[in-house]
Amino acid sequence: MAGLAATFGSGAMTNPICDVLKSETVLVTGTNTTENHPIFANYLKEAVLKHGTKILVIDPRRIDLVDYAELYLQPRPGTDIAWINGLMHIIIKEGWAAQDYVDERCEGYEAFAKNLEKFTPEYVSDITGLSVEELYAAAKLYGQARPASILYAMGITQHACGTDNVKSLGNLAMLCGNLGVEGGGVNPLRGQNNVQGACDMGGLPNVYTGYQKVDIPEVREKFAKAWGLEADALDDKPGLVLTEMFPAAAEGKVKAMYIMGENPLVSDPDLTHIEHCVEALDFFVVQDIFLTETALMADVVLPGISFAEKDGTFVNSERVVQRIRKALTIAGEAREDREIIAELSTRMGYEMKYESAEAIMQEIAQVTPSYGGISYERIAENGLAWPCPDSDHPGTPILHVNTFSRGKGLFFAIDHQPPVEETDAEYPFILSTGRVLSHFHTGTMTRKGEGLNKVHPEIKAEINPEDAARLGVEDDDLLAITSRRGSIKVKAWLSDRPAAGVVFVPFHFHEIAVNRLTIAALDPVAKIPEYKVCAVKVEKADGAKNVVSNKKPKKSKKTKKVEKS
Ligand SMILES: Nc1nc2c(c(=O)[nH]1)N[C@H]1C(S)=C(S)[C@@H](COP(=O)(O)OP(=O)(O)OC[C@H]3O[C@@H](n4cnc5c(=O)[nH]c(N)nc54)[C@H](O)[C@@H]3O)O[C@H]1N2
Ligand SMILES: Nc1nc2c(c(=O)[nH]1)N[C@H]1C(S)=C(S)[C@@H](COP(=O)(O)OP(=O)(O)OC[C@H]3O[C@@H](n4cnc5c(=O)[nH]c(N)nc54)[C@H](O)[C@@H]3O)O[C@H]1N2
Ligand SMILES: [Mo]
């Protein structure tokens, strides 16, 4: 969001999902689409098979979508700025850039173009491991196509230079005039089912709903008025993001924490450090639908209920606000998240009462310009894409048509930045982490599904056969993978998906917690951790082959009282 907002003025997917059917080329990078966005991947396959779309995959791991690709490039992890700059260097030199579009709609071009001069194919080849020929072929495939779309996900963002990676993709799309057009765009595939909605609703430390900034006095006054408060009652200082809160807890600057629908004791980087941070808290509340690893450390657990048991809306990746409807009623003491929040607020002295989820949507529409025209009535059948400012507005499937949200699109001059932790003689492998199709994140939900556990009962480390041969390791042998921060044991899966020198481990299983190894190096703007690159050593481990169980972790001593969930 930070990268796209700086470049275009708005940090969301620019085009609808089905637009890839109209693209001449789709650049797919840092998204393992078939496993993590399988519905979207179906559109990509349809585009290739029925509409002549060409797919260019650039990913350090040979993902399944490569089977549908016109061209596949396998760069070293953490070298995206270099190859993107390299492609743009070639595109300008070959005259494939959309100069009229650039002159008319963008700014900052000169400094940007100057910076590209040194990114010659040879220089880029040195950094990325890609050949000069590969770089030319990729530049041609994207650079000559109109319209061309870019899809990306965590392989681009989860780096200490994640924001700059995103800005670089923005540069590339602007240079070729691919914004504000059907079949074009820069499209971040959002992750959690409603992460777009959570962001839209101000689930960020610096904005209210619809990205209205807390440091703008008129915005604060408007919200104060809507909530019946004094004009100056609301704080003008942005808060902390998740990855800043934990270190702040260790320093005693954050004393209490209330976590809702997040399991950071499995999902955050450098877990051993996170545990220390949580132990330093005076008071810790967790609101979840299951008793998670994180909930086990809490002073108080507030049991919530799942998506299937409540009314509301989810906003999908393409900004479409859609209804979800209550399908189940389950007896018990668990309550809707919104009811718990309202009740807490009321007990803390600010009475909050909403009769229904719909009443909340009415308030959202009143205080949020981009949601002004969204109502349950209008989205009863089909959703609406924001911005949708009033009740006659049809919604906005494509952003930045005619003009960018910020006026002109802004080019940035960006330099290659190596990963924070590079390999060396002691830690010679790059560790990359991510997901598999059958499991979701920390497994709280998917690991309770019998079918999914049959399909994917355990987690394995993908290792290139060349490395495995050197280590004397065969399929299912136990590996010890160690970083400067911790060590795990995990079975080997010999696979040519990762290149030699790279191992890939999913983070889904708490008992093989790969986040013991990952580094909490943060992007300076977005504060996203560098989950995709750290240095490890890989050894063949002795002893029994790894046995995976579903047993709950031991209760932490700190747990005082845990409500039945
Ligand atoms: N089945 C399933 N689906 C999910 C999820 C899940 O847990 N399970 N989680 C959801 C969530 S919240 C998210 S955020 C999305 C994530 O969706 P993805 O981002 O697709 O998920 P990852 O598995 O993290 O894959 C990242 C991709 O980036 C590549 N990559 C790694 N390092 C680099 C690099 O340096 N440069 C580039 N260009 N690529 C790199 C990896 O090889 C991989 O193909 O998935 C969502 N969908
Ligand atoms: N090594 C490594 N680590 C990563 C990543 C990676 O690629 N590599 N990816 C990162 C990314 S992109 C993400 S998004 C995070 C995900 O990390 P988390 O968000 O911590 O993981 P989830 O397992 O999705 O946790 C969601 C929690 O919400 C609960 N829940 C589900 N529905 C509801 C509800 O309606 N109400 C309430 N109150 N709770 C509910 C679930 O039981 C679960 O405990 O992981 C990050 N961590
Ligand atoms: Mo995510």
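Read on for an overview of the structure.

1. Some words on the site of ligand 2
Right, on to step 1. Asn263, Ser267, Asp288, Thr442 and Asn515 are the nearest of the 29 residues found near ligand 2.
Right, on to step 2. Backbone polar atom of asparagine 263 to an oxygen atom of ligand 2: 2.7 Å apart, as the coordinates give it.
Right, on to step 3. Take glutamine 287: an N or O atom from its main chain is 3.2 Å from a nitrogen atom of ligand 2.
Right, on to step 4. The fraction of the free accessible surface of ligand 2 (920 Å²) that becomes covered by protein chains is 89%.
Right, on to step 5. Split into classes, the residues belonging to the shell around ligand 2 amount to nine nonpolar, 14 polar and six charged.
Right, on to step 6. Two domains each put at least three residues into the shell around ligand 2: domain 2 (195-385) and domain 3 (429-548).

2. Considerations on the environment of lysine 540
Right, on to step 1. In this fold, lysine 540 is placed in strand β19 (residues 534-540).
Right, on to step 2. When the C-alpha positions of lysine 540 and serine 495 are compared, they lie 16 Å apart, and in sequence the two are 45 residues distant.
Right, on to step 3. Of the polar contacts made by the side chain of lysine 540, one reaches the backbone oxygen of glycine 472; its length is 3.3 Å.

3. With respect to helix α10 (residues 162-175)
Right, on to step 1. Between the first and last C-alpha of α10 there are 20 Å, a value that for 14 residues agrees with the 20 Å anticipated at 1.5 Å per step.
Right, on to step 2. Taking burial as the measure, the 14 residues of α10 include 13 buried ones, the bulk of the element.
Right, on to step 3. Glycine 177 lies just past α10 and shows a positive phi near 65°.

4. As for the pattern of salt bridges
Right, on to step 1. Enumeration over the complete set of coordinates arrives at 31 salt bridges.
Right, on to step 2. Between glutamate 251 and lysine 253 there is a salt bridge; the shortest N-O distance is 2.7 Å. Side by side, glutamate 251 and lysine 253 carry an identical accessibility label, which is exposed.
Right, on to step 3. Linking arginine 338 and glutamate 336 is a salt bridge whose minimum nitrogen-to-oxygen distance equals 3.2 Å.
Right, on to step 4. Accessibility expressed as a relative area gives 25% for arginine 338, which makes it partly exposed.
Right, on to step 5. The class of glutamate 336 is buried, set by a relative accessible area of 12%.
Right, on to step 6. Because the salt bridges share partners, they merge into one network encompassing Glu35, Arg61, Asp64, Glu462 and Arg497.

5. Regarding the site of ligand 1
Right, on to step 1. Among the 32 residues in the neighbourhood of ligand 1, the closest are listed as Asp59, Gly78, Asp80, Met154 and His439.
Right, on to step 2. Protein contact buries 96% of the 920 Å² of open area that ligand 1 shows by itself.
Right, on to step 3. Among the secondary structure elements, those contributing two or more residues to the shell around ligand 1 are α2 (33-36), α9 (154-157) and β14 (429-434).
Right, on to step 4. Considering every element that reaches the shell around ligand 1, the biggest residue donor is α9, with three residues.
Right, on to step 5. Its residues assigned to classes, the shell around ligand 1 shows 10 nonpolar, 16 polar and six charged.
Right, on to step 6. Residue assignment places the shell around ligand 1 across two domains, with domain 1 (2-189) and domain 3 (429-548) each supplying three or more.

6. Some points on helix α3 (residues 38-51)
Right, on to step 1. For α3, spanning 14 residues, the distance from its first C-alpha to its last is 19 Å, which sits close to the expected 20 Å at 1.5 Å a residue.
Right, on to step 2. Taken as a whole, α3 has its buried residues at Phe40, Ala41, Leu44 and Ala47. Projected down its long axis, α3 carries its buried residues within an arc of 110°, all on one side. Turned more than 90 degrees away from the buried face of α3 sit Ile39, Leu49 and Lys50, all of them exposed.
Right, on to step 3. Buried-residue contacts for α3 involve β1 (25-29), α2, β2 (54-58) and β5 (148-152).

7. Focus on the packing of helix α4 (residues 80-93) against helix α6 (residues 109-116)
Right, on to step 1. Where α4 meets α6, the closest approach of the two axes is 9 Å, and the angle between their N-to-C directions is 105°. Between α4 and α6, the interaxial angle falls into the category roughly perpendicular. Of the residues in α6, those touching α4 at Asn85, Met88, His89 and Ile92 are Tyr109, Phe112, Asn115 and Leu116.
Right, on to step 2. For the contact of α4 with α6, the residue count by class is five nonpolar, three polar and no charged.

8. Section: a negative patch on the surface
Right, on to step 1. A cluster of like negative charges, contributed by Glu218, Glu221, Glu230 and Asp232, occupies part of the molecular surface.
Right, on to step 2. Its location among the elements puts glutamate 218 in helix α12 (residues 217-226).

9. Focus: the packing of aromatic side chains
Aromatic ring pairs: the centre-centre distance and the angle between the two ring planes describe each pair.
Right, on to step 1. By the definition in use, this model includes nine aromatic pairs.
Right, on to step 2. On the basis of an interplanar angle of 55° and a centroid distance of 5.8 Å, the ring pair of tyrosine 109 and phenylalanine 112 is categorised as tilted. On the criterion of helical spacing, the pair formed by tyrosine 109 and phenylalanine 112 is a turn pair, its members being three residues apart in helix α6.
Right, on to step 3. Ring-pair connections join several aromatic residues into one group, and the members of that group are Tyr109, Phe112 and Phe411.
Right, on to step 4. The ring of phenylalanine 412 has lysine 167 sitting right over it, with the charged end atom 4.0 Å from the ring centre.
Right, on to step 5. The residue whose ring lies beneath arginine 447 is phenylalanine 509, and the NZ or CZ to ring-centre distance is 3.5 Å.

Rules of the game
- Residues numbered from 1 in each chain as written.
- Chains lettered and ligands numbered in written order.
- Predicted model: local features only at pLDDT ≥ 70, side-chain atom pairs only at ≥ 80, totals over all residues.
- Heavy atoms only, no water.
- Near = heavy atom within 4 Å.
- Polar contact = N/O pair within 3.5 Å; in protein donor to acceptor, adjacent residues only side chain to side chain.
- Areas by Shrake-Rupley, 256 points an atom, 1.4 Å probe, with all protein chains shown as cover.
- Nonpolar A, V, L, I, M, F, W, Y, C, P; charged D, E, K, R; others polar.
- Domains from an automatic or database assignment.
- Helix = DSSP H or I, 4+ residues; strand = E, 2+ residues; numbered from the N terminus.
- Expected span 1.5 Å × (residues − 1).
- Buried < 20%, exposed > 50% of the residue type's maximum accessible area, 1.4 Å probe, protein only.
- Salt bridge = Lys/Arg side-chain N within 4 Å of Asp/Glu carboxyl O.
- Arc of directions from axis to C-beta.
- Contact = heavy atoms within 4.5 Å.
- Axes fitted to C-alpha atoms, helices over the stretch in contact; angles between N-to-C directions.
- Parallel < 35°, antiparallel > 145°, perpendicular 65-115°, else oblique.
- Patch = residues over 30% accessible without salt bridge, like charges linked within 9 Å, V, L, I, M, F, W, Y side chains within 5 Å.
- Lys, Arg positive; Asp, Glu negative; His and termini not counted.
- Charge placed at Lys NZ, Arg CZ, Asp CG, Glu CD.
- Phe/Tyr/Trp six-rings, centres within 6.5 Å; stacked < 30°, edge-to-face > 60°.
- Lys NZ or Arg CZ within 6 Å of the ring centre and 35° of its normal.

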